Amino acid sequence: QPVPPPDLSTCSTASLPDGLPVPFSCCPPFPKDLSNIPTYKLPNVSKVKIRPAAHNVTQEYITKYSTAIQRMKELDKDDPLNFMQQANIHCAYCNTGYKELGFPGVPLQVHFSWLFFPFHRWYLYFFERILGSLIGDDTFALPFWNYDSQAGMQMPSLYNVVNSPLYDPSRNQNHFPPNVVDLGFTTIDLDASDEQKINNNLTMMYRQMLTNAPCPQLFFGNPIRGGEQPIRGMGTIENIPHNAVHRWVGNPNNKFRENMGTFYSAARDPIFYAHHANIDRMWTIWKTLGGKRRDFTDRDWLDSAFLFYDENRTLVKVTIQDCINNEKLGYKYEDVPIPWKNFRP
Ligand code: C2O
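None of the values given here were measured: they were computed from a predicted structure.

Asks: Would you explain the confidence of the model for the protein in this entry?
Replies: Parts of the prediction with low pLDDT should not have their coordinates interpreted in detail. With 100% of its residues at a pLDDT of 70 or more, the protein shows a mean pLDDT of 97. Reported confidences for the modelled complex are a pTM of 0.98 and an ipTM of 0.99.

Asks: Could you clarify how one ought to interpret the pairing of strand E4 (residues 305-309) in this entry?
Replies: Looking along a regular strand, one sees side chains alternate from face to face of the sheet. The buried fraction of E4 amounts to 5 of the 5 residues, a majority that puts the element mostly inside the structure. Side-chain alternation along E4 places Ala-305, Leu-307 and Tyr-309 on one buried face and Phe-306 and Phe-308 on a second face that is also buried. Bridge count between E4 and strand E5 (residues 315-319): 5 bridges; the pairing is antiparallel. The residue of E5 that forms the bridge with Phe-306 is Val-318.

Asks: I'm lost on helix H8 (residues 271-286) in this one. Help?
Replies: Residues separated by three or four positions in an α-helix point in the same direction, a consequence of the helix having 3.6 residues per turn. Helix length check: H8 (16 residues) gives 23 Å between terminal C-alpha atoms against 22 Å at 1.5 Å per residue, within 8%. With 16 of 16 residues buried, H8 lies mostly within the body of the structure.

Asks: Is there a simple way to think about the environment of Asp-148 in this case?
Replies: Tracing the chain through its elements places Asp-148 in the loop between helix H3 (116-134) and helix H4 (194-211). Distance in space between the C-alpha atoms of Asp-148 and Ala-14 is 33 Å, their sequence separation being 134 residues. In this structure the side chain of Asp-148 is engaged in a polar contact, spanning 2.9 Å, whose partner is the side chain of Asn-146. Side chain to side chain, Asp-148 and Arg-281 meet in a polar contact 3.0 Å long.

Asks: Quick question: what am I supposed to make of the nonpolar core here?
Replies: Nonpolar side chains in soluble globular proteins tend to be buried together. In terms of nonpolar packing, the biggest core is built from 105 residues, with Tyr-65, Tyr-93, Trp-122, Met-209 and Phe-306 touching the most fellow members. The biggest single contributor to this core is H3, with 12 residues. Contacts of Tyr-93, omitting those with residues within four sequence positions, involve Pro-6, Tyr-98, Leu-108, Gln-109, Val-110, Phe-119, Phe-306 and Leu-307. Leu-16, Val-22, Cys-91 and Phe-256 belong to the second-largest nonpolar core, a separate cluster that totals 7 residues.

Asks: Please explain the pairing of E5 as it appears in this structure.
Replies: In terms of residue burial, E5 counts as a mostly covered element, since 4 of its 5 residues are buried. Between the antiparallel neighbours E4 and E5 lie 5 residues, among them Arg-313 with a positive phi of about 65°.

Asks: It is not clear to me how H4 should be interpreted in this structure. Could you clarify?
Replies: Here H4 is 18 residues long and its end C-alpha atoms lie 24 Å apart, about the 26 Å a rise of 1.5 Å per residue gives. Buried residues of H4: Lys-197, Ile-198, Asn-201, Leu-202, Thr-203, Met-204, Met-205, Tyr-206, Gln-208, Met-209 and Leu-210, and no others.

Asks: Whenever I open this one, the packing of helix H2 (residues 83-94) against H3 confuses me. Can you help?
Replies: Packed helices, taken two at a time, are described by their axes: the angle between them and the distance between them. Taken N-terminus to C-terminus, the directions of H2 and H3 make an angle of 170°; their axes are 12 Å apart at the nearest point. By the angle between their directions, the pair H2 and H3 is classed as roughly antiparallel. The residues of H3 that touch H2, namely those facing Phe-83, Gln-86, Ala-87, Ile-89, His-90 and Tyr-93, are Phe-119, His-120, Tyr-123, Phe-127 and Ile-130.

What counts, and at which threshold
Residues numbered from 1 in each chain as written. Predicted model: local features only at pLDDT ≥ 70, side-chain atom pairs only at ≥ 80, totals over all residues. Heavy atoms only, no water. pLDDT = per-residue confidence, 0-100. Buried < 20%, exposed > 50% of the residue type's maximum accessible area, 1.4 Å probe, protein only. Helix = DSSP H or I, 4+ residues; strand = E, 2+ residues; numbered from the N terminus. Pairing = 2+ DSSP bridges. Expected span 1.5 Å × (residues − 1). Polar contact = N/O pair within 3.5 Å; in protein donor to acceptor, adjacent residues only side chain to side chain. Core = buried A, V, L, I, M, F, W, Y, C linked by side-chain atoms within 4.5 Å. Contact = heavy atoms within 4.5 Å. Axes fitted to C-alpha atoms, helices over the stretch in contact; angles between N-to-C directions. Parallel < 35°, antiparallel > 145°, perpendicular 65-115°, else oblique.

The following block contains the structure:
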């Protein structure tokens, strides 16, 4: 059976990677009556929005985007659309705050299984719509951090302006530009030239997207079905570059490399959403690479569900089925070169 949505009424203390409780509640607010949660209806798409590469955006775009994030941060702290409450969604879904509806003993965990790509796609979808509504611009689209191409292999500069709402002081200061990202970063900086790092990165991308991911299970991760204990096994991209980039951005002086280096705090850093937009972009690209590279057709995957607040503060239920086509969700990605396609090791 499919993974049911969380039972919001039993959201409880989430736990840190060491098993101890998160020292604050990361349960987002929920309505008193949970009996009739509507299923989300995809709005008609009149024009597909383009998510731009973060290193290519204009000053005008940066101003809009910063204003939207700033407004989100200024919402009432108990407003489900408030920036911290949006970040809490990630904490609750990822650090065992939620249990599966109907399975009170089963913590919901959207990583380390086939839930990874679709959960984050929906999460960004609503986050992006909320930002658009806060600036009255329904064409607003999130940027993606294009670290799979040489031009994007540094922290995008729009996130590095102190005092900008896009800045987060809790990052690894040694990794600010011009430091080149290591897409396989563990905890130790590579002793290699920029050119070697770039070549390594492109080779890793080839491996994770092509060599090691010829079929859905290897790319998306292992199945998890309703009532099963989480952590079934992650797909290639979730491991590298996804987890590696989280660790690379996070501050190594913090216990769990907060903010980006650990689930409960990762989404407090605005760069999180650009990182995940690129991960989401990998899903769109992978499906074009041929062979058996297509979405699962397993009903348990397609019918698995999550809950989110839409931009009107309505709590809605969404299923994986409705998110597998990004253009139906109203967005696609700026067409940029994909150099790793030619990096067969
Ligand atoms: Cu839910 Cu990048 O993690």
